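Coordinate inspection notes
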Amino acid sequence: MATTDPRVDAYIAAAADFAQPVLNHVRAVVHAACPDVEETMKWSFPHFMYHGMLCSMAAFKSHCALNFWKAALLIDAADDKGKQAMGQFGRITTIADLPPVPALSAYLQQAMQLNDAGIKTPARAKVAAKSAAAAVSPDFFSAALAANPTAQQHFASFSTSKQREYIDWLTEAKTEATRQRRLEQAIGWIAEGKTRNWKYEKC
């Protein structure tokens, strides 16, 4: 029996018209590939859990994103479109922008196997994959910033190096609890216009 979360239903219903079929499609493929998956909401967007984080999806103003928690171990860098948007598949505006169902199901099966085996993502994999020219925020951080316009405005005004300090701090958290704690602290500081190391910077 599928374990669904009514908050995910509400999230999809509130999404833009273009996003709803994309989100419903991803949801259906996830449940078909992993019948024991559980849904939840983290950082204000849907996550799918199976012995830990499996993947997440999000809808933005003009595109959707799909993010695998252990993408560094699943998706070849040549196929990763994550530099174009949050997640690994670029800016998703239609179902056609996603991998075919068999390929997407294969990613899910591999992600399940990694979680079953307790294999963790290399600590520096996400950092190494980032563009050297720009700071690319993970989708959970972008969603949190979008929910706080003041923080989003301040973050956009930070230099690339200052943005990276926050991004690295968040992505290098070793546990979900630590990540959530850091995310809440980061949004609070950024909303006040503070950089990551503001305590050590001279006024």
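A short tour of the structure in this document, coming up. (Residues numbered from 1 in each chain as written. Predicted model: local features only at pLDDT ≥ 70, side-chain atom pairs only at ≥ 80, totals over all residues. Heavy atoms only, no water.)

1. Some words on the pattern of salt bridges
The tally for this structure, following the rule as stated, stands at five salt bridges. With a closest N to O distance of 2.6 Å, Asp9 and Arg27 form a salt bridge. Within this pair, whereas Asp9 is found in helix α1 (residues 6-14), its partner Arg27 is found in helix α2 (residues 19-33), the two being separated by 18 residues in sequence. Among the residues examined, Arg27 registers a relative accessible area of 10% and is labelled buried. Close ionic contact of Lys194 with Glu192 constitutes a salt bridge, the shortest N to O distance being 2.8 Å. Under the relative-accessibility criterion, Lys194 is labelled partly exposed at 23%. Within the structure, one salt-bridge network assembled from shared partners comprises Asp9, Arg27 and Glu39. (Salt bridge = Lys/Arg side-chain N within 4 Å of Asp/Glu carboxyl O. Helix = DSSP H or I, 4+ residues; strand = E, 2+ residues; numbered from the N terminus. Buried < 20%, exposed > 50% of the residue type's maximum accessible area, 1.4 Å probe, protein only.)

2. Observations regarding the packing of aromatic side chains
Think of a pair of aromatic rings as described by two things: how far the centres are apart, and how the planes are tilted against each other in angle. The tally for this structure, following the rule as stated, stands at ten aromatic pairs. Judged by centre distance (6.2 Å) and plane angle (65°), the ring pair of Phe155 and Phe158 falls under edge-to-face. Here the aromatic rings of Trp169 and Trp189 are separated by 5.9 Å at their centres, their planes lie at 15°, and the arrangement is stacked. Placement of the pair is Trp169 in helix α7 (residues 160-171) and Trp189 in helix α8 (residues 176-191), with a sequence separation of 20 residues. Ring pairs connect the aromatic residues Phe141, Phe155, Phe158 and Tyr166, which therefore count as one cluster. Between the NZ or CZ atom of Arg196 and the centre of the ring of Trp169, over which it lies, the distance is 4.0 Å. (Phe/Tyr/Trp six-rings, centres within 6.5 Å; stacked < 30°, edge-to-face > 60°. Lys NZ or Arg CZ within 6 Å of the ring centre and 35° of its normal.)

3. Observations regarding the sheet that holds strand β1 (residues 38-42)
Taken in spatial order, the four strands line up as β1-β2-β3-β4 in an open sheet, and their pairing is antiparallel. Pairing within the sheet leaves two strands with one partner each, and these edge strands are β1 and β4 (64-68). Within this sheet the neighbouring strands show an average axis-to-axis angle of 25°, counted without direction. Two strands pair when backbone bridges link them, and strand β3 (residues 53-59) and β4 are joined in this way by five bridges, in the antiparallel orientation. Following the sheet pairing, Ala58 is matched in β4 by Ala65. Relative to the sheet, α2 contacts β1, β2 (45-49), β3 and β4, its axis offset from that of β3 by approximately 170°. (Pairing = 2+ DSSP bridges. Axes fitted to C-alpha atoms, helices over the stretch in contact; angles between N-to-C directions. Contact = heavy atoms within 4.5 Å.)

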